[in-house]
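Residue-level structure breakdown
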Amino acid sequence: MAEKNSKRRWLTGWDPEDEDAWHQGGRRVAHRNLALSVLSEHIGFSVWTLWSVLVLFMTPETGLAFTPGEKFLLVATPTVVGALLRLPYSYAVTRFGGRDWTVFATLILLVPAALALYFVGQPGTPLWVFLLVGALGGVGGGTFASSMTNITAFFPQRHQGWALGLNAGGGNLGVATVQLIGLAVIHTTGRDHPEYVAAVYLPLIIVVAVLAARLMDNVDAVRTAPEVQREAARCPDTWWICLLYIGTFGSFIGFGFAFGLVLQYEFGTSPVQAMGYTFLGPLLGSLFRPLGGRLADRLGGARVTLWNFLGMATGTTLLVVASLTGSFGLFVGGFTALFVLSGLGNGSAYKMIPGVFARRAEVAVTGGADAAQAFARARRLSGAAIAIAGAAGALGGAVINVAFTVSYADGSGSGTPAFLSFLAYYGVCVLIIRSVYLRREANQDSTAPDGTREASRV
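First, a word on what this report is: a plain description of the structure on this page. Owing to the predicted nature of the structure, the values given are computational and were not obtained by experimental measurement.

1. A look at the overall build of the protein chain
For the protein chain, the count of helices and strands is 18 helices and three strands. Here the protein chain has a C-alpha radius of gyration of 22 Å; the compact-globule value for 458 residues is 23 Å, and the two agree. Oriented by its inertia axes, the alpha-carbon framework of the protein chain measures out at about 70 × 50 × 30 Å. Across the 458 residues of the protein chain, 57% fall into the buried class. For the protein chain, contacts bridging at least 24 residues in sequence account for 83% of all contacts bridging at least 6. The protein chain carries 32 positive and 26 negative side-chain charges, and their two centres are separated by 3 Å.

Structure below.
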């Protein structure tokens, strides 16, 4: 199954659907690459969301007095850039290979981390400088797309929900980790040294890049032509899933960037108090993402995602009630529930992507196509669709920050208008799942033989 070119570490002839090869060594290779992919993506997410912590240090006392709108703009900037980079990052891994691109994508994180370390310790630095440095931090968001595209090629379709969930969940943990580091810095050195938060990541970036260079592999199964991404973009399912992923990952990353600021402007919490609460939600959401993928493997991605959106709608309703009544405990509880459910939904929504294209491959094989070629093509289309959905989801995080900017711009100190808009969007997602995917599954189950009904689930 796998021949290794020692010069470039390319695994050729890789076929994760080959049962014998998978058990004779393919599983070990896949898990090794998954572990390094998680580490790289974790560091990328931490650098990407670094400003969600640093803005909490920006006060008149530190010589960095910015308005609420300016702070929300600052945390939205890396979100947008990270979203825009996900498509080229996904293509880059198919061009250069998972190992080679992971090494580059990790080392480039040194630039925004080093610049953040310097400028955040300079009182009086103008906003445009921070916006530029924050934009450079968007490269951390791009690592998600290249990592997920690469890992898709290592695992058989039946394990991809778990593998993608674990890969993304480990990366998502970077959101909680950077906030825990910020909390540790405040407790040990006070609020006067935010640069220490960025400093922590410089040696970690180097260590992870070295490990990736020594232990990861490039795999020819991930190679694809640019037209594959265009073909995936022409598929309606890609865009339906994008809308769903905006609701799940967009919520996770948008809330991760904004939660601390929302607590400050909604309840007047101090930076220390805000960071004491903000790490918990992203931590739980990240840990629950693999579970979402696992549940989707067993129950179907559409079903699990539907129940997630119903739960997220309930959690958002609690936020509206808490905002109107001034209940801090209910507000934090509602937000924490949203993080958990968005994490679960991230895993289940991504599981839908390989399921959709695998089903298309089954239809092609039934029509006479070569099975090996059909399923190899399905894996390539899955990787391309994952990149598109990842970019759309990250843009959803930016939209959430814009909604909060508008809500708090009038000085009312209430995010209720933003919460109501989120509630409406979750309702739209429920309608999409019911009308597009669950109805399709019901139609297939009514016509498919009993032995094939399980395979028709998305």
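Once the structure has been displayed, the description carries forward.
2. Regarding the side chain of T125
Along the chain, the position of T125 falls in the loop between α5 (110–119) and α6 (127–136). At 3.5 Å, the side chain of T125 forms a polar contact with the backbone oxygen of F119. Separated by 2.6 Å, the side chain of T125 and the backbone oxygen of Q122 make a polar contact. The contact partners of T125, leaving out residues within four places of it in the chain, are L64, F66, F119 and F130.

3. A short note on the packing of helix α12 (residues 236–267) against helix α15 (residues 301–325)
Following both chains from N to C, one finds α12 and α15 inclined at 15°, their axes separated by 13 Å at the closest point. One element, α12, and the other, α15, form an angle in the roughly parallel class. Note on packing geometry: the crossing formed by α12 with α15 is left-handed. Residue-level inspection shows L244, G247, T248, S251, E266 and F267 of α12 in contact with α15, the latter providing F309, M312, A322 and S323. Taken together, the residues of the contact of α12 with α15 break down into five nonpolar, four polar and one charged.

4. Re the nonpolar core
Among the nonpolar cores identified, the biggest contains 127 residues, and F335 and F404 are the most heavily contacted of them. Of all the elements, helix α16 (residues 328–366) adds the most residues to this core, at 15 residues. When near neighbours in sequence (up to four residues on either side) are disregarded, F404 contacts F72, F255, A258, V262, F335, A418, F419 and F422.

5. Here's the deal with the environment of R27
Mapped onto the elements, R27 comes out in helix α1 (residues 19–48). Judged by its relative accessible area of 36%, R27 is partly exposed. Along the backbone, R27 and P156 are 129 residues apart, and their C-alpha atoms lie at a distance of 9.6 Å.

6. Points about the pattern of salt bridges
Inspection of the entire model under this criterion finds three salt bridges. The partner of D217 in a salt bridge is R32, and the shortest N-O contact between them spans 2.2 Å. Residue D217 is located in the loop between α10 (201–215) and β3 (218–219), and its partner R32 is located in helix α1; the two are separated by 185 residues in the primary sequence. A relative accessible area of 23% means that R32 is categorised as partly exposed. With a closest N to O distance of 3.2 Å, K351 and D297 form a salt bridge. Taken together, the positions of K351 in helix α16 and D297 in helix α14 (residues 280–299) put the pair 54 residues apart, joining distant regions of the chain.

7. Remarks on the packing of aromatic side chains
Considering all chains together, one arrives at 35 aromatic pairs under this definition. Relative to F422, the ring of F419 has its centre 6.3 Å away and its plane inclined at 65°; by these criteria the two rings are edge-to-face. Remark: F422 and F419 occur in helix α18 (residues 416–447); sequence separation between them is three residues, near one turn of the helix. For the pair F419 and F422, one class covers both residues: buried. Lying over the aromatic face of F96, R95 brings its terminal NZ or CZ to 5.3 Å of the ring centre.

8. Observations concerning a nonpolar patch on the surface
A cluster of nonpolar side chains, L39, V207, L211 and L215, forms an exposed patch at the surface whose accessible area comes to about 300 Å². Broken down by element, the nonpolar patch gets its largest block of residues, three residues, from α10. Using a relative accessible area of 47% as the deciding quantity, one classes V207 as partly exposed.

9. Some thoughts on the packing of helix α3 (residues 68–96) against helix α4 (residues 98–107)
The geometry of α3 relative to α4 is characterised by a closest axis approach of 7 Å and an angle of 130° between their N-to-C directions. The angle between α3 and α4 falls in the class oblique. The residues of α4 that touch α3, namely those facing Y89, A92, V93 and F96, are G98, D100, W101 and A105.

Rules behind the numbers
- Residues numbered from 1 in each chain as written.
- Predicted model: local features only at pLDDT ≥ 70, side-chain atom pairs only at ≥ 80, totals over all residues.
- Heavy atoms only, no water.
- Helix = DSSP H or I, 4+ residues; strand = E, 2+ residues; numbered from the N terminus.
- Rg over C-alpha atoms; globule rule 2.2 N^0.38 Å.
- Buried < 20%, exposed > 50% of the residue type's maximum accessible area, 1.4 Å probe, protein only.
- Contact = heavy atoms within 4.5 Å.
- Lys, Arg positive; Asp, Glu negative; His and termini not counted.
- Charge placed at Lys NZ, Arg CZ, Asp CG, Glu CD.
- Polar contact = N/O pair within 3.5 Å; in protein donor to acceptor, adjacent residues only side chain to side chain.
- Axes fitted to C-alpha atoms, helices over the stretch in contact; angles between N-to-C directions.
- Parallel < 35°, antiparallel > 145°, perpendicular 65-115°, else oblique.
- Left-handed = near helix turned anticlockwise from the far one by under 90°.
- Nonpolar A, V, L, I, M, F, W, Y, C, P; charged D, E, K, R; others polar.
- Core = buried A, V, L, I, M, F, W, Y, C linked by side-chain atoms within 4.5 Å.
- Salt bridge = Lys/Arg side-chain N within 4 Å of Asp/Glu carboxyl O.
- Phe/Tyr/Trp six-rings, centres within 6.5 Å; stacked < 30°, edge-to-face > 60°.
- Lys NZ or Arg CZ within 6 Å of the ring centre and 35° of its normal.
- Patch = residues over 30% accessible without salt bridge, like charges linked within 9 Å, V, L, I, M, F, W, Y side chains within 5 Å.
- Areas by Shrake-Rupley, 256 points an atom, 1.4 Å probe, with all protein chains shown as cover.

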